[in-house]
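Commentary on secondary and tertiary structure
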Amino acid sequence: MPIRHWHQAGLLLALAGPLSGALAERLAPPPGLTPLGEAARLPNPYRGQPAAIQAGQAAYEEHCAACHGEQASRAVAEGPDLRRLNSACRRLTDAALQAHCLRDVDAYFLRSVHEGKRRAGLMHMPAWQGVLPQETIWAIRSFTESRPLPPPRTLPDLPPVEPDR
Ligand code: HEC
């Protein structure tokens, strides 16, 4: 059954068990990366490191791609395009300001992944606190921010509206 909507994906994940509440199991960090310990590290300690980008790609495919798009390369997916998170920071020309901006986005990224996204009791994205170690989260962030940005979307690029079936 193709997953057409993010809430179906969320429901499937919830039913699948490993991510839901008491059954959540802590996963091992990717091998070969510098261990980061328990205390949250900011900014992303792996930014730009090829080994982290590679490990992050594998973890992204496993945990995030179903909702955020394969290879972080689809402009249209159920979840937001994570390549665009740094867009505002990239426009800053002052290096110190840009570093500050990236650190803020890093904090938002870590919090989003830890707490998940829930609105009006509906799970949009599962919470990964206690499941994904921060090594994995920072590796994923390193991967998504290393992906090239798509050209800005214009109206004719948008997919035709299909009636819900
Ligand atoms: C079940 C689907 C699903 C999965 C799996 C999922 N996400 Fe999400 N994610 C979403 C949706 C939907 C949103 C937007 C929710 C909202 O804004 O209320 C979101 C939002 C986010 C945001 C905030 C983005 C923004 O533009 O504000 C980040 C960061 C994020 N996800 C990272 C991840 C990472 C990293 C993974 C893998 C570890 C992941 N997500 C797995 C569905 C998912």
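Residues numbered from 1 in each chain as written. Predicted model: local features only at pLDDT ≥ 70, side-chain atom pairs only at ≥ 80, totals over all residues.

Identification of the protein chain as C-type cytochrome from Ideonella aquatica is taken from an unreviewed UniProt entry.

Moving on to unusual backbone geometry. The peptide bond linking leucine 42 to proline 43 adopts the cis configuration, its omega dihedral lying at -10°. Topologically, proline 43 is positioned in the loop between helix H1 (6–16) and helix H2 (50–63). Backbone geometry at glutamine 71 places phi at a positive 60°, although glycine is not the residue there. The topology assignment puts glutamine 71 in the loop between helix H3 (65–68) and helix H4 (87–90). (Helix = DSSP H or I, 4+ residues; strand = E, 2+ residues; numbered from the N terminus.)

The subject of this paragraph is the environment of tryptophan 128. Along the chain, the position of tryptophan 128 falls in the loop between strand E2 (122–125) and helix H6 (134–146). When the C-alpha atoms of tryptophan 128 and histidine 63 are compared, they prove to be 9.9 Å apart, with 65 residues separating the residues in sequence. Excluding anything up to four places from it in sequence, tryptophan 128 contacts Val113, His114 and Gly116. (Contact = placed C-beta atoms within 7 Å.)

Between its first and last C-alpha, H6 extends 18 Å over 13 residues, near the 18 Å set by a 1.5 Å rise per residue. Across the 13 residues of H6, 12 count as buried, placing the element largely inside the fold. Buried residues in H6 make contact with H2 and helix H5 (95–115). (Expected span 1.5 Å × (residues − 1). Buried ≥ 20, exposed ≤ 12 C-beta atoms within 10 Å, placed from the backbone.)

In the vicinity of the ligand there are 23 residues, among which Cys64, Cys67, Gly79, Lys117 and Met125 approach most closely. Broken down by element, the residue count for the shell around the ligand peaks at four residues, all from H1. (Near = placed C-beta within 6 Å.)

It is worth spelling out the packing of H2 against H6 at this point. It is the contact of H2 with H6, at a shortest axis distance of 7 Å, that shows an interaxial angle of 100°. Classified by the angle their axes make, H2 and H6 are roughly perpendicular. Residue-level inspection shows Ala52, Ile53, Ala55, Gly56, Gln57, Ala59 and Tyr60 of H2 in contact with H6, the latter providing Thr136, Trp138, Ala139, Ile140, Ser142, Phe143, Thr144 and Ser146. Residues of the contact of H2 with H6, tallied by class, amount to nine nonpolar, six polar and no charged. (Axes fitted to C-alpha atoms, helices over the stretch in contact; angles between N-to-C directions. Parallel < 35°, antiparallel > 145°, perpendicular 65-115°, else oblique. Nonpolar A, V, L, I, M, F, W, Y, C, P; charged D, E, K, R; others polar.)

Note that strand E1 (residues 117–119) and E2 share three bridges and pair antiparallel. Bridge pairing in E2 links arginine 119 to leucine 122. The hairpin turn running from E1 into E2, its antiparallel successor, is two residues long, and alanine 120 in that turn takes a positive phi close to 50°. (Pairing = 2+ DSSP bridges.)

Before going further, it helps to spend a moment on H2. With 14 residues, H2 extends 20 Å from end C-alpha to end C-alpha; this agrees with the ideal 20 Å at 1.5 Å per step. Looking only at H2, the buried set comprises Ala52, Ile53, Ala55, Gly56, Gln57, Ala59, Tyr60 and His63. On the buried face of H2, the contacting elements are H3 and H6.

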